[in-house]
Amino acid sequence: MAEHFKLTIDGQTVVAEEGMTILDAALASNIYIPHLCNHPDLTPVGACRMCGVEVDGGRMVMSCMTPAKANIDVVTDSPDIEKSRKVTMKLMIMDHNMDCLACEAAEKCDLLRVASYLGIQPDQLENMRPLGRDLPLDTSNPFFQFDANKCILCGICVRTCEEIVGLSALGYINRGFKTVVGTFGNKGFVDSVCESCGECVVRCPVGALVPKKPGIATREVRTICAYCGVGCGMYVGVKGDQIVSVRGDRESPVNLGSLCVKGRYGFNYINHPDRLTSPLIKKDGEFVKASWDEALALIASKFKESKGNKFAALTSAKCTNEDNYLVQKFTRLVMETNTIDHCARL
């Protein structure tokens with residue numbers, strides 16, 4: 001069991017546990033410290049320089065990378081801290097496409113939230129010179145797009161692909177003012193080793209990585225992904241009678257919120273007009289709608305005529321282990337044959 005201890009943050013006594021950073025301890029106690037590059041799933045790097053705090057009388061440190069310790073005194077806001085944050089934020093804004101009304105991330109943009117918290121006003125930017133970057137939009141991926149003009153180089157996407165996905169499809173290209181995030185050789189996403197899982201997209205704090213077909217749901221339904229037998233938990237976003245979005249269930253012990261490309265983006269078949277909604281039975285050379293009872297009765301009669309070597313079963317990775325077990329048991333005991341295979345072996 002983790003050891004607990006006390007420290008002081010802005011005059012409040014806070015209880016933290018071993019392994020927490022100062023930022024973790026503050027956020028757990030509802031004390032807000034601005035941050036842009038920190039994410040609970042990833043190793044902290046202190047790249048955005050927003051979460052600076054003063055410890056024990058004035059020493060400034062990055063709270064996301066500094067371990068919380070017993071009896072230390074932390075100040076999250078002071079004239080020096082505010083000055084440092086505002087200068088850093090102004091530089092980010094001048095290097096950022098600020099067409100917020102047209103941005104898919106406008107209502108959940110962390111850059112906008114932190115800028116508002118710091119009270120950044122347009123007249124405070126008049127003495128700043130914008131870099132005027134005009135980098136091409138990468139729309140090569142079928143599910144999301146990347147706009148390097150909105151990227152703040154927080155590195156969340158790079159660390160996500162490395163630490164969570166284990167693919168390292170993204171990295172930093174060039175140095176200094178010319179630094180950008182991109183794939184190997186700065187090719188389009190579609191020409192890289194990217195698997196389109198979207199883990200980087202859901203963690204991007206701004207509008208640099210956004211879905212091509214964003215959907216705002218009116219309600220969410222907790223469910224299990226139907227694509228394979230792993231059983232990843234997810235929340236399906238519904239608007240009217242249409243599914244418009246999917247996000248991983250972070251409380252699911254199976255996937256901890258992560259999803260593959262099929263689970264995250266492969267939901268359009270649910271609303272497809274050609275999707276079958278009832279069984280079809282061929283009569284006189286034509287498929288006609290039938291009830292489930294009628295279809296199952298037909299299947300049962302055909303099975304009775306096909307015992308032994310007339311019958312074979314092919315099980316599916318879309319089924320759970322338990323379902324696949326039942327299929328092989330049914331094949332061997334009821335249908336009296338060992339002719340059974342599984343798609344994973346192929």
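Note that the structure is a prediction, hence the values are computed from the model and not measured.

J.: How would you summarise the domain arrangement of the chain if you had to cite specific residues and measurements?
T.: When its domains are assigned, the chain resolves into domain 1 (4–125), domain 2 (216–275), domain 3 (276–305) and domain 4 (306–346). Measuring from the centre of the C-alpha atoms in domain 1 to the corresponding centre in domain 3 gives 62 Å.

J.: Which residues make up helix α4 (residues 156–165), and what values do they have?
T.: Because each turn of an α-helix spans 3.6 residues, side chains separated by three or four positions end up pointing in the same direction. I156, C157, V158, R159, T160 and C161 are the residues of α4 that are buried. Where the residues of α4 are buried, they touch β8 (170–173), β9 (180–183), α5 (199–203) and β10 (209–211).

J.: Tell me about a negative patch on the surface, and please be specific about residues and values.
T.: Taken together, the side chains of D10, D56, D73 and D77 make up a negatively charged region of the molecular surface. For D77, the location among the structural elements is in the loop between β5 (73–75) and α2 (79–94). Overall, D77 belongs to the partly exposed group, its relative accessible area being 44%.

J.: Now, about the environment of P79: what can you tell me, with residues and values included?
T.: In this fold, P79 is placed in helix α2. Through-space distance from the C-alpha of P79 to that of V190 is 47 Å; in sequence the pair is 111 residues apart.

J.: Before we move on, could you go through the sheet that holds β10 and cite the residues and values that matter?
T.: The strands making up a sheet associate through backbone hydrogen bonding, with each pair oriented either parallel or antiparallel. If you trace the 3 strands from one edge of the open sheet to the other, you get β6-β7-β10, paired in antiparallel fashion. Both edges of this open sheet fall to β6 (137–138) and β10, since each of them pairs with a single strand only. Pairing analysis gives 3 bridges linking strand β7 (residues 144–147) to β10, with the strands arranged antiparallel. In the sheet register, Q145 faces β10, and the bridge partner there is V210.

J.: Account for the pairing of strand β13 (residues 242–248), with residues named and values stated.
T.: Examined bridge by bridge, strand β12 (residues 233–239) and β13 share 6 bridges and lie antiparallel to one another. Residue V236 lies in a different strand from β13, and its bridge partner there is V246. In textbook terms, the turn of a hairpin is the stretch between consecutive antiparallel strands, and for β12 and β13 this stretch comprises 2 residues, one of which, G240, has a positive phi near 70 degrees.

Cut-offs and rules
Residues numbered from 1 in each chain as written. Predicted model: local features only at pLDDT ≥ 70, side-chain atom pairs only at ≥ 80, totals over all residues. Heavy atoms only, no water. Domains from an automatic or database assignment. Buried < 20%, exposed > 50% of the residue type's maximum accessible area, 1.4 Å probe, protein only. Helix = DSSP H or I, 4+ residues; strand = E, 2+ residues; numbered from the N terminus. Contact = heavy atoms within 4.5 Å. Patch = residues over 30% accessible without salt bridge, like charges linked within 9 Å, V, L, I, M, F, W, Y side chains within 5 Å. Areas by Shrake-Rupley, 256 points an atom, 1.4 Å probe, with all protein chains shown as cover. Salt bridge = Lys/Arg side-chain N within 4 Å of Asp/Glu carboxyl O. Lys, Arg positive; Asp, Glu negative; His and termini not counted. Charge placed at Lys NZ, Arg CZ, Asp CG, Glu CD. Pairing = 2+ DSSP bridges.

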